[in-house]
Amino acid sequence: MKNNFFEVLRAGINSTFQDQGRENFYHIGLPFSGAMDNRNFLISNALVNNEDKQGVIEFAYQGPLFEFNGENTSFSITGDVKFKIIKKDNTIINGECYKSYILNHKDKLDIITTNKSIYGYLAVSGGFSLDKILNSYSTFSRANVGPFNGKKLFLKQKILINKINQPLQSKQVKYLNSKIEYIRILKGTNYDYFSKEGRDNFLKKEFIVTKLTDRMGMRIEGPKIENIKEKNIRSEGIVKGTIQIPPDGNPIIMLSDHGTIGGYPKIGVVISADYDKLVQLIPNTKIKFKLIDLYEAEKLYKFYSLETKNLLNQIK
Amino acid sequence: MIKNILNLGDAAIYYDFGDQINIETNTKVINYFNSLKNLNLEEITNITPSYNKLIISFNLEITSFLDLKEKIQNIKISTENEKSFKKIKLPICCEGDFFLDKERLTNKLNLSPKEILKKFLNQEYFCYMTGFIAGMPFMGNIDKDLGIERLKTPRVKVPKGSVGITEQFTNIYTFESPGGWNIIGNTPQKIFEPGNKDKPILINPGDKVSFFQISKTEYKKLNEK
C-alpha cells in the first residue's frame, strides 16, 4: 500500500496547520493560536467525517496548490473561497465550499483565493498525519511551534494523510457567512482612562480595518481616542479580542497569535460570539462597535454555540 | 490580598493584586497561579501571571464569569511551590556587537562600560513573569544606578539571546523580535525549547537568575551545542 500524501506545488501566502488551539501556555508566552474562524474549522472537519480535533490547513488570501498522491481521499473547503480541482486528464471542476469532493491519484487541488474574507479551511478525510507539539497541531510560526517545526507550508513539502477505513461519502451543508453591522464589545479594564469624547468616538463613529492585520492582531483607524490618564500601564496578561489603545490613539485588536502580555490600556474586549466574524474582515472594511453588558454577551455566546451545533448536526 | 476582581471580556477573570510592583506582591500572584494551576480545573484554559495581576481565561462553553469566580475565590493558597523556585546561572557575552547600547548607556548613566557590567553582574534577579514572546523572562530588580528608559524608537529587530535592561527590570529576547530595551549583552543559553514537553522553558516565575561573563570564543563554543 502506498502512502497518501499531498505535495505542495505552491504554498500560498499564509498557509498553516491549525486545530482548536493550545491551552495552558499563556504563562510561558504562547498564545492559543488555533483556527482563526472556529466555526468554519469545525464545519470543514465535519464535512469529511472527522472528529473535531483533527488538524486542518488554514490559508489566507491566495491559498496553496497541491498534487494528491495515493489511492483516493475526500476533502472539503469552508469559508468564502474560489478553488478548482484539476483531474489527471486535465478536466477542471470548479469547486464549491461546504461540500466534500473526492480526489484520485495525481489530481490537483488549486485553492485560488479567498473572496470577501480572509481565512479559509481545508480538511481531508482521516486528517493530516502530523505530530502534536505541546498538545496541539496548531502552528505558531513566530516561535517555531507546531508540526514541521512550526513552519508555514513550503514548496515541495510532502504532507502525509491518515488512512481511513470507512467508505468516502459526499456531504454538503448550506451555510452563508453572515455579515455583521456591529462588533459587540464589553468594557475593558481601562475604559475610564479615556476622555468622554474619546469614548463617544469609539462607540459612535466608524473605523476602518487597515492592511496591518494578521493572525497576531488587527489595526484599525478612525477618530482619535484620547487617553487622559496614563499612556502605558504595567505589562499584564491580555486575551484574544482585547482592544488596546497605544499612545498614537489607533486601536489594535489582539487576535489568536497575540503577544501574551501587553502594556497598553484596554478600552474594550470583543465578545466571543463575534470573534469569528471579526477575524474575517478584510482591509478597508468599515466597522462600528457596540457596547453591551456581560449578561447579554453570555446569552449571545449560547446562541452562537447552539447555531454551530445545529449546523454540525445537519451534516451528520 | 486581592484588591479587585473584574471580567476581562466574557471569557476571562481579571485579578488585581494592587498597584505595588515588588517581589512580595508578585510572589502572591505566583502562589495563587501555582495553587490554581495545581487544581487542574477543566474549565480553565489559561492562567497568566504578571507583576501584580492574574488573568484566568476559561471555556465559555462550560462555565461563566460569575460561576467560576465563586468557585475559585476561596481556594487554598499554598506556598509549597516556593521551594521549587530554581537558581539559574546564565553565561553572558558583553563584547563587541553584543553590547549594542554601550554608548547610550555610558552617556546616559554616566558610568564606564566596566562599571555598568560590574553593577549588572553583581545582582541576583527575580523572575516576575514570562511572556510577550515565548519564554521571555521579565526579571528584577537591577541596581538603581542602571535605571534607564526604553529606547525612544524601538529596534525593528533585536537579535535572539539579547539581554536588555529598562527601568528596574532586565529581560532576555528568546527570539529575534522587535523591542525597545537597552541591550547590554547576549546569552548563548537556549531558554525556550518547544520539543521539550515537560520543561519547554528554562526560567519560570519565581526563579532567581544571575549572569556570569564569557568571552566571544566561549560564546561561539556554547552556541554550537
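Going by the structure above, here's the rest.
A brief structural summary. (Residues numbered from 1 in each chain as written. Chains lettered and ligands numbered in written order. Predicted model: local features only at pLDDT ≥ 70, side-chain atom pairs only at ≥ 80, totals over all residues. Heavy atoms only, no water.)

### Here's the deal with the overall build of chain B
As a reminder, the rule being used: Counting from the N terminus, the helices are the DSSP runs of H or I reaching at least four residues and the strands are the DSSP runs of E reaching at least two. Any residue under 20% of the maximum accessible area for its type is buried, any over 50% is exposed, and the rest in between are partly exposed; the area is computed with a 1.4 Å probe on protein chains only. Only heavy atoms matter for contacts: two residues are in contact if any of them lie within 4.5 Å across the pair. Areas reported here follow the Shrake-Rupley algorithm with a probe of radius 1.4 Å; residue values treat only the protein chains shown as occluding. Counted as positive: Lys and Arg. Counted as negative: Asp and Glu. His and the chain ends are not counted at all. Lys charges are placed at NZ, Arg charges at CZ, Asp charges at CG and Glu charges at CD.
A tally of regular secondary structure across chain B gives 5 helices and 13 strands. C-alpha extents for chain B along the principal axes are approximately 55 × 35 × 35 Å. Across the 225 residues of chain B, 54% fall into the buried class. Partitioning the contacts of chain B with sequence separation of at least 6, the portion at a separation of at least 24 is 63%. Accessible surface, chain B as shown: approximately 10900 Å² in total, 47% of it carbon and sulfur. With 31 positive and 27 negative side-chain charges, chain B shows a separation of 6 Å between the mean positions of the two kinds.

### Here we look at the interface of chain B and chain A
Note the cut-off: Put simply, buried area is how much 1.4 Å-probe accessible surface two parts lose in total, over both of them, once they are put together. By convention in these notes, a salt bridge is any Lys or Arg side-chain nitrogen within 4 Å of a carboxyl oxygen on Asp or Glu. N or O atoms within 3.5 Å of each other form a polar contact, as long as, within protein, one can give a hydrogen and the other can take it, and as long as residues adjacent in sequence are counted only when both atoms are side-chain atoms. Each residue gets one of three labels, nonpolar for Ala, Val, Leu, Ile, Met, Phe, Trp, Tyr, Cys and Pro, charged for Asp, Glu, Lys and Arg, and polar for the others, Gly among them.
Each side of the interface is counted separately: chain B has 43 residues, and chain A has 36 residues. Roughly 3400 Å² of surface becomes buried between chain B and chain A when both sides are summed, with 61% attributable to carbon and sulfur atoms. Area buried by chain B at its contact with chain A is led by Leu8, Asp10 and Asn46 of chain B, which between them contribute 17% of it. Scanning the region where chain B abuts chain A turns up 3 salt bridges. Of the charged contacts in the structure, one is a salt bridge between Lys309 of chain A and Glu61 of chain B, with a shortest N-O distance of 3.5 Å. Counting the contacts that link chain B with chain A gives 12 residue pairs in polar contact (both at pLDDT 80 or more). In terms of residues, the side of chain B that touches chain A owes the most to one element, strand β3 (residues 44-49) of chain B, which gives 6 residues. Among the residues making up the side of chain B that touches chain A, the classes are represented as 25 nonpolar, 12 polar and 6 charged.

### Remarks on the side chain of Asp274 of chain A
All names here are of chain A. Locating Asp274 in the fold gives a position in the loop between β19 (266-270) and α3 (275-279). A relative accessible area of 0% places Asp274 in the buried class. Setting aside chain neighbours within four positions, we find Asp274 in contact with Tyr182, Ile183 and Arg184.

### Thoughts on the sheet that holds β19 of chain A
Residues and elements named next belong to chain A. Note the threshold: Whether two strands pair comes down to DSSP finding at least two bridges between them. The axes are straight lines fitted to the C-alpha atoms, using for helices just the contacting stretch, and the angles between their N-to-C directions are given from 0 to 180°.
Strand order in the closed barrel formed by 7 strands is β12-β19-β16-β17-β14-β13-β20, with mixed pairing between adjacent strands. Going from strand to strand, the sheet's axes swing by 40° on average, the running direction of each strand aside. Of the pairings in the sheet, the one linking strand β14 (residues 217-221) to strand β17 (residues 252-254) comprises 3 bridges and is antiparallel in character. By the bridge assignment, Gly217 is partnered in β17 with Met254.

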